[in-house]
Amino acid sequence: MTDIKFTSGLSVVADAHVAFRGTPFVERTAPLNQNALWMRWDRNMVVDCYSDMVEELAAIRNRVAMGDMSPLSKYVIAGPAAER
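Conventions we followed
Residues numbered from 1 in each chain as written. Predicted model: local features only at pLDDT ≥ 70, side-chain atom pairs only at ≥ 80, totals over all residues. Heavy atoms only, no water. Pairing = 2+ DSSP bridges. Helix = DSSP H or I, 4+ residues; strand = E, 2+ residues; numbered from the N terminus. Buried < 20%, exposed > 50% of the residue type's maximum accessible area, 1.4 Å probe, protein only. Polar contact = N/O pair within 3.5 Å; in protein donor to acceptor, adjacent residues only side chain to side chain.

1. As for the sheet that holds strand β2 (residues 37-41)
Piece 1. Strand order across the open sheet formed by three strands is β1-β3-β2, with mixed pairing between neighbours. Only two strands of the sheet have a single partner each, and these edge strands are β1 (21-22) and β2.
Piece 2. Pairing geometry for β1 and strand β3 (residues 44-49), over two bridges, is parallel. Among the inter-strand pairings, Arg21 is bridged to a residue of β3, identified as Asn44.

2. Quick notes on helix α2 (residues 53-62)
Piece 1. Taken across its ten residues, α2 has one buried, putting it largely on the surface.
Piece 2. Where α2 begins, the capping side chain belongs to Asp52, and its oxygen is found 3.3 Å from the backbone nitrogen of Val54.

3. Re the pairing of β2
Piece 1. Judged from the five bridges that link them, β2 and β3 form a sheet pairing that is antiparallel. Residue pairing in the sheet places Trp38 in a bridge with Val47 of β3.

Put into structure tokens, the structure is as follows:
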């Protein structure tokens, strides 16, 4: 998995359109992905399951788990009436 490279942000190389990109956390999460299960979320590739799906679901339900939620939509509301 160390040879996989993702672009982050809105990088464009030589006027090419980037179809998928990694989140800001992909450099750290990619080596932890033991089974190479990725999923497309919007235009991002995120880890689907790091090792064992049953163990990870049990952690979500009974202990603690973290997930990369970077692809969730974010909005900036600005202007003189933004607070209203």
